[in-house]
Amino acid sequence: MDSYLRVRRASTFHPQQTAIADSILTRLAGDIDTLRVAQTVTALNATPERWAFIFKTIEDRLAGRDSTSASEPAGR
């Protein structure tokens, strides 16, 4: 989830500052563990009801709110 948020935030530079956005996205491409992301997506697909929590958390974090709770570990 954190990787997705970093990519989304970087993409906000793209319309006006393409060079900065491309630089950030290139750096993120080397930082993001794509195998871990794929494994996480596979695990979430096994329990699709968890996607609602993921999307809500992403939405809240993009809006500057924190929706994490004790019932769900952060970063999942």
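Everything in this summary refers to the structure shown in the same document. Keep in mind it's a predicted model, so treat the numbers as computed, not measured.

## Here's the deal with helix 4 (residues 50–62)
Step number 1: For helix 4, which comprises 13 residues, the first-to-last C-alpha distance of 19 Å matches the rise-based estimate of 18 Å (1.5 Å per residue) to within 8%.
Step number 2: Restricting attention to buried positions, one finds in helix 4 the residues Ile 54, Thr 57, Ile 58, Asp 60 and Arg 61. End-on, the buried residues of helix 4 take up no more than an arc of 165°, which puts them together on one face. Pointing more than 90 degrees away from the buried face of helix 4 are the exposed residues Ala 52 and Phe 55.
Step number 3: One or two steps after helix 4, the chain reaches Gly 64, where phi turns positive at roughly 90°.

## Structural notes on the pattern of salt bridges
Step number 1: Taken as a whole, this structure holds three salt bridges when the rule is applied.
Step number 2: Linking Arg 6 and Asp 31 is a salt bridge whose minimum nitrogen-to-oxygen distance equals 3.5 Å. Residue Arg 6 is located in helix 1 (residues 2–11), and its partner Asp 31 is located in helix 2 (residues 18–31); the two are separated by 25 residues in the primary sequence.
Step number 3: In this structure Arg 6 comes out as partly exposed when scored by relative accessible area, which is 36%.
Step number 4: Notably, a salt bridge pairs Lys 56 with Asp 60, separated by 2.9 Å at the nearest N-O pair. With Lys 56 and Asp 60 both in helix 4 and four residues apart, this pair spans about one turn of that helix.

## A word on the nonpolar core
Step number 1: Of all hydrophobic cores here, the largest spans five residues; its members are Met 1, Leu 5, Leu 44, Ile 54 and Ile 58.
Step number 2: With sequence-adjacent residues up to four places away left out, Leu 44 is seen in contact with Arg 50, Trp 51 and Ile 54.

The rules we used
Residues numbered from 1 in each chain as written. Predicted model: local features only at pLDDT ≥ 70, side-chain atom pairs only at ≥ 80, totals over all residues. Heavy atoms only, no water. Helix = DSSP H or I, 4+ residues; strand = E, 2+ residues; numbered from the N terminus. Expected span 1.5 Å × (residues − 1). Buried < 20%, exposed > 50% of the residue type's maximum accessible area, 1.4 Å probe, protein only. Arc of directions from axis to C-beta. Salt bridge = Lys/Arg side-chain N within 4 Å of Asp/Glu carboxyl O. Core = buried A, V, L, I, M, F, W, Y, C linked by side-chain atoms within 4.5 Å. Contact = heavy atoms within 4.5 Å.

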